[in-house]
Amino acid sequence: MQNIVVLTGGVGGARFLEGMRAAHPDTQITAIVNTADDLWVFGVRVCPDLDSVMYTLGGGIDPERRWGRQDETWNARGELERYGEPEAWFGLGDRDLATHLVRSDRLRRGATLSQVTDELCERWRPGIRLVPMTDDEVATRLVVDTPEGESDVHFQEYWIRYRAQVPIRSLRYEGIESAAPAPGVIEAVEGADVIVVAPSNPIVSIAPILAVPGMRELLRTAAAPVVGVSPIIAGGHVRGMADQLLGGLGLEVSAAGVAEFHGARSGGGVLDGWLVDTADAGTVSRIESAGIAARAVPLYMSDDDTTRALAEDALELARPLAGER
Ligand code: GDP
Ligand code: CA
């Protein structure tokens, strides 16, 4: 195996990528990272998922929060709050802020997001290739019912400010129609030996990547098998608030439900295989009857060894599927 491609969001995907890197240190691993969570706040461009992956694999992540920088201080945010700034709900740590300042400066001078990402990775040396899904600006936005009435908000505002606790009327990926895959995305997928959908949020991490024009077709026609790992275990998310989002959109919050949401490649979707947790072993036959090879293995990435074993399990599931295509 020479080329592993992983579609990923932030926290869950970053952890999975750590396992993949540990399992295959000498293999080229390319992460195609969701950028629909990105936003401009206080004039800086923040890329939560790219940064989560970069900091995690670069050894700079806060181990408790699992986002942002270790040994973080919050002086800038405190000062912004004292100015009564309405956007101070968005937690910008002092160390983290430097990343956003460098990124924004380069973007304003005409660099693309993928160029800046390469540059930031020169410091962090994540040991894998990080490619944004697109260099174009895309934003997941939701129309929600807030206590103050109906409101059109950026995903980050829904997630952080409203803690995913307000009813959702609709969700869209603004700007996606005119977005193009970033340089390297198409080449990575075409050259992949295996394509893995990380245990990331299906709605706001994986679906936006698939919604970039051309991506779905690219995956559907790729020579490599596409296998995924469920972010849902026993009917709930593991960390974060993914079940609020799935449930809020009226989707089934289960490992099988997410597999059906992504769909079988043989039936117009993108998956050849899907891993569910041993707690969900009872749903394997349902997933297989949808045309997706399924296996039940431990999915909880509680320590480095199980995370690494999970990465191996994903590749193991893919191996026989490679021949079928
Ligand atoms: P975000 O962009 O930071 O929200 O991160 P991701 O989209 O990459 O990942 C969030 C998802 O990861 C959530 O739906 C969690 O349920 C899932 N997740 C977190 N930890 C684990 C784990 O140990 N095992 C599995 N299978 N999923 C996990
Ligand atoms: Ca995210």
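These numbers come from a predicted model, not from an experiment.

Caption draft 1: A look at the packing of aromatic side chains. Enumeration over the complete set of coordinates arrives at six aromatic pairs. A centroid spacing of 5.3 Å and a plane angle of 65° characterise the contact between Y55 and W124, whose relative ring orientation is edge-to-face. Of this pair, Y55 sits in helix α2 (residues 48–58) while W124 sits in helix α5 (residues 113–124), placing them 69 residues apart in sequence. On the accessibility criterion, W124 (10% relative accessible area) is buried. When the centroid spacing of 6.2 Å and the interplanar angle of 70° are considered together, the rings of W67 and W74 count as edge-to-face. Under the relative-accessibility criterion, W74 is labelled partly exposed at 27%. One Lys or Arg, R65, reaches over the ring of W67 and ends 4.7 Å from the middle of that ring. Here the guanidinium or amino end of R69 rests over the ring plane of Y55, the centre of that ring lying 5.7 Å away.

Caption draft 2: Main features of the pairing of strand β7 (residues 149–154). Of the strand pairs in this sheet, strand β6 (residues 139–146) and β7 are connected by six bridges, and their pairing is antiparallel. From the neighbouring strand, D145 faces β7, where its bridge partner is E150. With antiparallel pairing between neighbouring strands as the criterion, β6 and β7 make up a hairpin whose turn holds two residues.

Procedures and definitions
Residues numbered from 1 in each chain as written. Chains lettered and ligands numbered in written order. Predicted model: local features only at pLDDT ≥ 70, side-chain atom pairs only at ≥ 80, totals over all residues. Heavy atoms only, no water. Phe/Tyr/Trp six-rings, centres within 6.5 Å; stacked < 30°, edge-to-face > 60°. Helix = DSSP H or I, 4+ residues; strand = E, 2+ residues; numbered from the N terminus. Buried < 20%, exposed > 50% of the residue type's maximum accessible area, 1.4 Å probe, protein only. Lys NZ or Arg CZ within 6 Å of the ring centre and 35° of its normal. Pairing = 2+ DSSP bridges.

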